[in-house]
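Examining the three-dimensional arrangement
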Amino acid sequence: MKGQVQNTKTARLHSLLDSLKANHSGLAYSLDKIKDSFVQIDRTLSFEALLQKLADDRHISITRDDDRILIRPYQPKNYTLHGMLKDRETGEHLIGAAVEITGASSGTITNGYGYFNLTLPEGDYTIRFSYLGYKSIELDIALYKNIYTRATLNTSLRKLDEIQVDALAANHNIESVVPSVHNIRLTGVENSIPYLLGEVDVIQNAFLHPGIRAIGEDASGIHVRGGNVDQNLILLDEAIIYNPNHFYGLISVFNPEAVNNVRIMKGYMPPSFGGRTSSVIEVRQKEGNNQETRISGGIGLLSARGLIEGPLKKGKSSYLFSARQSLLNLSIDDFGSSSNRRNRIRFQDVNLKINYKPSDKNTYYLSGYLGNDRNTVGFNSVRNWGNRMLNFRWNHVYTPKLFSTIAAFISEYNYRVENDTDPGAFISRSKIANYSVKLDNDYHLNQKNDFIFGFSVLAHRLIPGVREPLEPDDATNTLELDEEFGIESALYLGHETRIGSFSINYGLRYSMLHNLGASDVFQYQNNNPTADSAITDTLTFSVGELVKFYDNLEPRISVNWRLGRSSSVKASYSRTAQYIHLLSNTIAPAPTDIWKLSDTYIPPGTTDQVSLGYYKNLAGNIWQLSAEGYYKVLTDNIQYRNGADLVFNENIETELLYANGRSYGLELYAAKKKGKVQGWVSYTLSRAENTIDGQNILLNHDKTHDFSTSWNYKINSRLSISANFIANTGIPVTLPTDRYFFEGNLIPQFDERNNARLPTYHRLDLSVRLDGRARKRSGAARKNRDHWNFTVYNVYARKNAYSYFFRASEQNPEVGEVVKFSIFGTAIPAITYNFKF
Amino acid sequence: MKKASKHLFLFVILLIGCEEVVVIDLPPTQNLIVIEGFLTNQLEHQEISLSTSTAFLSTSPTSFIENAIAFVRSSENERFDFEYVSNGLYRSQVPFKGKVGVEYQLSLFLDGGLRINSDWDRMPFPTIPDTVLIETFVDSDPENNDLETDFFFPSIRVRDSINYPNFYRWKFLKNNVPLVEPSPITLQSDRFFDGNFIPNEFDEFSYREGDTAIVQLQSITEATFLYLRLLASQITTLGTSSGTTPAQVIGNFSSSDESVVLGYFGTAAIASDTLIMRRQ
């Protein structure tokens, strides 16, 4: 630049500081601590401006102490990278995806809304986003301020012959501090697993994992690690679902078309969860495609289902609507009968979800569910039952470090029985509803410390039973049991910290139940509700008056000791309390069982659980192995007197007993997550028992050995085959010792309860999936996709015992005989067709 | 198309669900004393039976107790002695009937000095059916599913007495043979019908044209009702997912050595009617 004066020059930092100090005696520094480097200086700048320029360029830090100016090495600041991770094609949030810094060991996982935050020293980073079944991406981020980013991933399913599983995503089982978690996504392999009549189902899938089981094939309810069916906190978009089954347990209420992600926590529950003592089953619905309108669905022998989703405002707002209808009016007790009087059942459900994201800081969700089962019994008796849920949520990012969710929801479960035959045509109904508000905050202090805190308030309203005439002149009287009201509330605080190779998640939950009037509380002799005849008085409580108060402190702690990148040891302890109970004295719960709040006579149940597990990944996380032991102590498990009458009973406490119980076990799990062959093997050795009158009695769902394995082989891009094999110890059964006759009827006489077991159960299922062509003749990718599933359930037609009957022999009615009853006595083929366009 | 889909579905599920008689090891027998008897309001020789339970799968005949001393006492200090007849059956030495509002107890003395007493049970007031009708429905013929046929059933209206808990048991005989399907024990309480006409349509107990039906309405006490309800649940719902857990059905006997005694002694006020099943 000839003729111009050069105002900038390059100098060494140490030399520059020395020259500045020569003219400014107040300057203090130690060259030993400051890294020497070349700096660009502008000769025109004043002394103060020059120092500030050096600080701005991150060469030094400046502090002032009276007249002195202290120069220190530059201290990098921490900034937070936060944002959302979504599916590029559909806009769906990706839950539990890995966000890691390449070349470093730190990273995080997206939460239930696809949100993540990472706090790092300022600098230039390459951030890698990865998720099962998606192509990983890397983004270069210059982190010199807090940054919000919207990252999207492309599914790899369409373009590759095998499902790509990212290394870090697969490593989540090692890194996560919460033990005993199963994540289920109904894509890829999970969508090929054969179930009864070809239906894809999240709950049936869960039964293939260790520690999760049903009593039998025609039995509602989920038992997790020896817990009862009412001890699972089942959440659909964070709202409670009371009965997760359609069709007496053969299929769940969760329409696979609408489900995004399922997470099952079998043991340790973070303190943000409570109200149940056994497990959390968290189901999240899809968001709805915010890019384009899509339709998907399927049809099989059991049901037809469809889903439509699309943008309301592209990129900002989307909707989802799905529906499912059973196709055949199936008989549950006599499939082959043509009688008009057999029992028949059908079901349907509807899911709706709308979300709106007006800014990066706010997202609003409105979701709903409506399900119904209809069971016709005999000529004129109809039973309807179902769940309903409406849920509003607001995600708000207060700061890059503070993510908050406010949820308000209504959950209901009700049943209605309508009988228009005599004696006394009637309608009976029962309902449980809760109206809830929850606040959950996630504060990300830094890369080593995360806090959660919040509260929840659930207002319970229970209508145990109303029975009234179908028509005004019908014979039956109106009987209305007292409604129950209660406020279940909780405060919680949790902290997850990382210290060296240890991660610790701990917290405390304080839960309360205020059982409120109006109600009448019977008083019994010796305060012991043994029989109606023991009633001595009645206390009357007015509306809103406190009837009974319970509270519990629920400490939780889980420690993860990482033994390198591929293995870890996890130990946990948790205490949980439950204030609401399902009263059912049948082998498996019925849809017309009623819920009951803890009250003057019914205490809350509590569970203390410890677990210890070893997790190991092999071959670059292709194989995931785990071994985990647990021990649970349960208090005040509800039991029932012989012949307990739970239907429209005003003094139901007289029919109940309480037992302490325990369950313990060892769960082994090995899964192959990558390659043409994928699947898992699961084995549980366990015992679950109650202590009654000093005797340990096995619970009805106890299975000593429980083995299951599920594998999928992708032959080519269009064809895959899958197989399940299940084997377990038969459930406990009470065998008779004697027989006698009463009025000519043979009566089995029993002694000890659950004194034997049914024979070993085992079954093989196979399926073949044939996908439609992925590409047009021109080579371009087809937008419309479809596939067929051909399934055979119980391939070798094993007649597994569901139960034993004890009856008089048909040949000689004077003699007893034992009859093995099998629900499925043959192989059951099925076909389903699924499409998306 | 509808027919085709029906056949497809039947192909899938016709063979679902099956029963198979099996032989398994059972726990050792208890050989308990079993007592059965209902004192009625009918003037007749009242009967009780005594036996012992045997191993469930045993092919041995039932063992009867033959040498017991048996008598019924009333709260009016009456005593009615019973004498052994055969096959465990004891019959009152004289005909007598239970009186409404009077309590009765069965006492037994067995070998070895064992004494057994039942609880006291009060004879209820008998309830007489108001109207008894025969009704019909059409359903598939169980012998040929492709055909339909007429079934007959009793329709009986009962006037329940108000402000008093009543418990009923129904018995049905078809051509003098007790109907045990769908249940040998049919019970009813007036919890939902107190003081009303109860219109019963027993379409589960189906008859064919020309059958003779004997319909018996027994008024029983609450204790008897609870015992029979538990007994019925052990006969009819065991083994199903909605079935009750198997349990000992303990009756209303106590013994001097505190051993378990099975069975029941109670009172029943009976009203009976006989019908010939024809279109009315």
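In short, a report on the structure. Think of each chain on its own: its residues are numbered from 1, step by step along the sequence as written. Each chain gets a letter, beginning with A, and each ligand a number, beginning with 1, in the order they are written. Only residues with pLDDT of at least 70 get local features here, since the model is predicted, and only at 80 or more are side-chain atom pairs given and counted; chain-wide, interface and lining totals rely on the full set of residues. Hydrogens and water molecules were not included; the side-chain quantities draw on all heavy atoms of the structure.

The numbering of helices and of strands both runs from the N terminus, where a helix is a DSSP run of H or I of at least 4 residues and a strand a run of E of at least 2. Assigned secondary structure in chain B consists of 2 helices and 20 strands. Reported as C-alpha extents along the three principal axes, the dimensions of chain B are approximately 75 × 50 × 35 Å. Only protein chains enter the calculation, and the probe is 1.4 Å; a residue is then buried if its accessible area is under 20% of its type maximum, exposed if over 50%, and partly exposed in between. Among the 280 residues that make up chain B, the fraction classed as buried is 50%. The contacts in chain B between residues at least 6 apart in sequence include a share of 66% that link residues at least 24 apart. Every accessible area reported is derived by Shrake-Rupley at a probe size of 1.4 Å, with residue values counting cover from the shown protein chains alone. If you sum the accessible surface of chain B, you get close to 13600 Å²; carbon and sulfur atoms cover 52% of it. Every residue pair with non-hydrogen atoms within 4.5 Å of one another is taken to be in contact.

Moving on to the overall build of chain A. Along the backbone of chain A there are 5 helices and 57 strands. Just to be clear, the radius of gyration here is over C-alpha atoms, and the globule rule we use is 2.2 Å times residues to the power 0.38. Computed over C-alpha atoms, the radius of gyration of chain A comes to 31 Å, within 12% of the 28 Å expected from 2.2 N^0.38 for 837 residues, which places it in the range of a compact globule. The principal-axis extents of the C-alpha atoms in chain A amount to approximately 125 × 75 × 50 Å. For chain A, long-range pairs separated by at least 24 residues make up 64% of all intrachain contacts whose partners lie at least 6 apart in sequence.

This part takes up the pattern of salt bridges. All names here are of chain B. The term salt bridge refers to a side-chain nitrogen of Lys or Arg lying within 4 Å of a carboxyl oxygen of Asp or Glu. Counted by the stated rule, this structure contains 55 salt bridges over all chains. The closest approach of N and O atoms between E103 and R122, which form a salt bridge, is 3.4 Å. Within this pair, whereas E103 is found in strand β9 (residues 103-109), its partner R122 is found in strand β11 (residues 121-122), the two being separated by 19 residues in sequence. Judged by relative accessible area, E103 falls into the partly exposed class, the value being 24%.

A separate point is the side chain of Q188 of chain B. Take Q188 of chain B: it is sitting in strand β16 (residues 186-189). Counted as a polar contact is a pair of N or O atoms within 3.5 Å, where, for protein atoms, one must be capable of donating a hydrogen and the other of accepting one, and residues adjacent in sequence contribute only when both atoms are in side chains. For Q188 of chain B, the side chain forms a polar contact with the side chain of N200 of chain B, separated by 2.6 Å. Among all residues touching Q188 of chain B, those that are not within four sequence positions of it are P423 of chain A together with N166, F167, Y168, W170, I198, N200 and F225 of chain B.

Moving on, we get to the interface of chain A and chain B. Where interface size is quoted, it is often the accessible area lost as the parts come together. Taken together, the 72 residues of chain A in the interface contact 81 residues of chain B. Once two parts are joined, some of their accessible surface, as seen by a 1.4 Å probe, is lost; buried area is that loss totalled over both. Carbon and sulfur atoms make up 57% of the surface buried where chain A meets chain B, a total of about 6800 Å² over both sides. In this structure, the connection of chain A to chain B is made through 6 salt bridges. Between R807 of chain A and E19 of chain B there is a salt bridge, with its nearest N and O atoms 3.1 Å apart. Counting across the chain A and chain B interface gives 27 residue pairs in polar contact (both at pLDDT 80 or more). Contributions of two or more residues to the side of chain A that touches chain B are made by β50 (736-742), β51 (745-750), β55 (803-808), β56 (816-822) and β57 (828-836) of chain A. Here the residues of the side of chain A that touches chain B sort into 34 nonpolar, 23 polar and 15 charged. At least two DSSP bridges between two strands are required for those strands to pair. Here β50 of chain A runs beside strand β4 (residues 54-55) of chain B; their pairing, made up of 2 bridges, is antiparallel. Among the inter-strand pairings, R739 of chain A is bridged to a residue of β4 of chain B, identified as T54 of chain B. Gly is placed with the polar residues, together with every amino acid not listed as nonpolar (Ala, Val, Leu, Ile, Met, Phe, Trp, Tyr, Cys and Pro) or charged (Asp, Glu, Lys and Arg).

Side chains of a nonpolar character, in soluble globular proteins, are inclined to be buried together. Ranked by internal contacts, the top residues of the largest apolar core, which has 78 residues, are L583 and Y804 of chain A. Setting aside chain neighbours within four positions, we find L583 of chain A in contact with D593, I594, K596, I638, Y640, L646, I652 and L656 of chain A. Put simply, buried Ala, Val, Leu, Ile, Met, Phe, Trp, Tyr and Cys residues joined by side-chain atoms within 4.5 Å make one nonpolar core. One finds I48, L50, A68 and V261 of chain B within the second-largest nonpolar core, a separate group that totals 25 residues.

The next subject is the sheet that holds strand β1 (residues 18-22) of chain B. Spatial strand order, β55(A)-β56(A)-β1(B): 3 strands in an open sheet with antiparallel pairing. Sheet topology places β55 of chain A together with β1 of chain B at the edges, where each strand pairs with a single neighbour. The average undirected angle you get between the axes of adjacent strands in this sheet is 35°. Axes, fitted as lines to C-alpha atoms, cover a helix only where it is in contact. Angles between the N-to-C directions of the axes lie from 0 to 180 degrees.

Residues and elements named next belong to chain A. In the contact formed by helix α1 (residues 13-23) and helix α2 (residues 47-56), the axes pass within 12 Å of each other and the chain directions differ by 155°. As the angle between them shows, α1 and α2 are arranged roughly antiparallel. Between α1 and α2 lies a crossing of left-handed hand. Between α1 and α2, the contacting residues are L13, L16 and L20 on the first element and F47, L50, L51 and L54 on the second. Here is the rule for angles: anything less than 35 degrees is roughly parallel, anything more than 145 is roughly antiparallel, 65 through 115 is roughly perpendicular, and the remaining ranges are oblique. Handedness of a crossing follows from how the near helix is turned relative to the far one, being left-handed for an anticlockwise turn of less than a right angle and right-handed for a clockwise one.

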